[in-house]
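Architecture at a glance
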Amino acid sequence: MIKRYHNILFLFVIIILGCEKDDICIEGSENTSRITIGFIDYNSKGPKSISLESIRGIGLDSVIEGIDGNDLKLPLIASSNKTEYILEYNKVLDTVTIHHQTIHKYLNRSCGYISNFIVKSDTEISKYHGWIKEVSIENDSIFNEEKTNILIHY
Amino acid sequence: MIQFLMKKKQIFLFIISFIFSLNSIFSQTENTESDSLKKKDKLLNINKLRFGIDLSNPIISSSNDDNLSYEIVGDLQITDDLYLAGEYGSIDRYIEDENINFNSVGNYLKIGFDYNMFNNWVGMDNSIYVGLRYASSSFSNKVDSYTVRSGDAYFSNLVDNGYENITHNNLNGNWIEIVTGVKVETFKNIYLGISLRLNKLLSDTKPSNFDNLFIPGFNKVTDDNTWGSGFNYTLTYSIPFKKRK
């Protein structure tokens, strides 16, 4: 007798399972932005295209390939308040230390958290040999990748 | 407007056909029980108090290496077919979600009634029931670690300390449950039961910069959706108030 009711229970299980929708983070949802670094001429303060041989984050072995152009987008460490990069230009290495406030923002279950950053004013350079003359902050908040955040004078 | 009415009509037809199909299933069983004894029709028939535990929660918590979770269940027969029913539970569960790992700890209370649809033969006391519950849970969710969404995986995006890895305390959730289940008397006064629950969240206190991804008792909460589901597998003991024939 109870077997007949199994059909109803089975139906109920199917309905319940069918109700649970898949959580997929939609393409185009907010994302963690990278820092945008611009390069300008130290003397004329005008934009100056650069050709970097290599870029490497301190603490990592893997090297980001070099770039050619006016600006550079690099990821910041979401679990730290400091990100350091070694930039190689004309076989000369220089380290840029970016101090940033890291703010995590919750979106939803499927996307989880993203990170926004605010560049602190004490962002500095450590000169090994010194091709970078100066680092200046243009826009301190990194909520998107539209604006240039810091400028490297060289 | 016409489309809307058409839609309504279709829904109406669907419900009607659904009820009829249910009816045909039940009428089949009734035929075989036509020779069973008719019960006395009394308004109140407080016959038995049943209480017990859910078997699934302790098993889930021990297999996940969590602290003990449990649920105590009980029901009181008030008329022939109607039972006052309730559950109290305590949950401590570590949840590894897609992006966020967190620990959910809390207590819940569910109160409502069950309606038995099963006509027993003499001497039998099984039930197939539908029911309704109002449930309330107070809980906390502690974010243990999470992966920050990023288009770039050059640095590790795992965050396991310091940032939003905090405990969100004093959270509440209220919901209603539509219950369906069976209880089978396996030994005298000992029942094994299984129930399935469809939950509809009414309200919950949202933590700041996080969401209630899991509510003890309600279970998983999905994005932009107030429906959830649950089940329990119970072992109950009945205290009979009257001697059964």
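Residues numbered from 1 in each chain as written. Chains lettered and ligands numbered in written order. Predicted model: local features only at pLDDT ≥ 70, side-chain atom pairs only at ≥ 80, totals over all residues. Heavy atoms only, no water.

Moving on: the overall build of chain B. Across its full length, chain B carries 2 helices and 11 strands. The linear arrangement of helices and strands in chain B, starting from the amino end, is α-β-α-β-β-β-β-β-β-β-β-β-β. The buried share among the 245 residues of chain B stands at 46%. Pairs at least 24 apart in sequence give 65% of the contacts found in chain B among residues at least 6 apart. Carbon and sulfur atoms make up 62% of the accessible area of chain B, which amounts to about 13500 Å² in all. (Helix = DSSP H or I, 4+ residues; strand = E, 2+ residues; numbered from the N terminus. Buried < 20%, exposed > 50% of the residue type's maximum accessible area, 1.4 Å probe, protein only. Contact = heavy atoms within 4.5 Å. Areas by Shrake-Rupley, 256 points an atom, 1.4 Å probe, with all protein chains shown as cover.)

This brings us to the nonpolar core. Residues I35, F39, L52, L87, W131 and I152 of chain A are the most contacted members of the largest nonpolar core, which totals 27 residues. Put simply, the parts of the chain that give this core at least two residues each are strand 1 (35–40), strand 6 (71–74), strand 7 (82–89), strand 8 (92–108), strand 9 (112–119) and strand 13 (150–153) of chain A. Excluding residues that lie within four positions of it along the chain, I35 of chain A makes contacts with L72, K73, L74, L76, I98, V119, I142, N149 and I150 of chain A. Grouped together as the second largest cluster of nonpolar side chains are 24 residues, A78 of chain A together with I95, L201 and V221 of chain B included. (Core = buried A, V, L, I, M, F, W, Y, C linked by side-chain atoms within 4.5 Å.)

Empty space among the atoms becomes visible once a probe the size of a water molecule is rolled across them. As enumerated under the stated definition, the model contains 2 cavities of 30 Å³ or more in all. Approximately 110 Å³ is the volume attributed to the largest cavity. Around the largest cavity, the lining comprises 15 residues; the ones closest to its centre are V73, E87, Y129, R133 and K183 of chain B. For the lining of the largest cavity, the elements supplying multiple residues, two or more each, are strand 2 (70–77), strand 3 (82–96), strand 5 (127–147) and strand 11 (227–240) of chain B. Split into classes, the residues belonging to the lining of the largest cavity amount to 3 nonpolar, 5 polar and 7 charged. In terms of lining, the second largest cavity is formed by T32, S33, R34, P75, L76 and A78 of chain A together with S150, D152, Y154, F155 and N157 of chain B. Its residues assigned to classes, the lining of the second largest cavity comprises 5 nonpolar, 4 polar and 2 charged. (1 Å grid on protein atoms, 1.4 Å probe; cavity = no way out; pocket = protein on both sides within 12 Å on 5 of 7 lines; lining within 4 Å. Points joined across faces, edges and corners; volume = space filled by probe spheres on them. Nonpolar A, V, L, I, M, F, W, Y, C, P; charged D, E, K, R; others polar.)

Residue and element names in this part refer to chain A. Overall, the coordinates contain 1 disulfide over all chains when judged by the stated rule. In this model, C25 is linked to C111 through a disulfide, with the two sulfur atoms separated by 2.0 Å. What sets the handedness of the C25 and C111 disulfide is the S-S torsion sign, and at about 100° it is right-handed. Residue C25 is located in the loop between helix 1 (2–19) and strand 1, and its partner C111 is located in the loop between strand 8 and strand 9; the two are separated by 86 residues in the primary sequence. (Disulfide = S-S within 2.5 Å.)

All names here are of chain B. A residue-level look at chain B finds 81% of positions with pLDDT of 70 or above and a mean pLDDT of 82. Between residues 22–39, whose pLDDT stays under 50, and residues either more than four places distant or in other chains, the model counts 20 contacts. Complex prediction metrics read pTM 0.75 and ipTM 0.75. (pLDDT = per-residue confidence, 0-100.)

Moving on to the pattern of salt bridges. Residues and elements named next belong to chain B. Applying the stated criterion across every chain, the model contains 15 salt bridges over all chains. In this structure, D75 engages K183 in a salt bridge whose closest nitrogen and oxygen atoms are separated by 3.3 Å. Here D75 is found in strand 2, whereas its partner K183 is found in strand 7 (residues 167–187), with 108 residues between them in sequence. Look at D75 and you get buried, because its relative accessible area is 4%. Taking the relative accessible area as the measure of exposure, K183 reaches 7% and is therefore buried. For the salt bridge of R133 with E87, the shortest nitrogen-to-oxygen distance reads 3.0 Å. Of this pair, R133 sits in strand 5 while E87 sits in strand 3, and the two are 46 residues apart along the sequence. Comparing R133 with E87, the two get one shared label, buried. Three or more residues are tied together by salt bridges with common partners; here these are E87, K110, D114, R133, E177 and R197. (Salt bridge = Lys/Arg side-chain N within 4 Å of Asp/Glu carboxyl O.)

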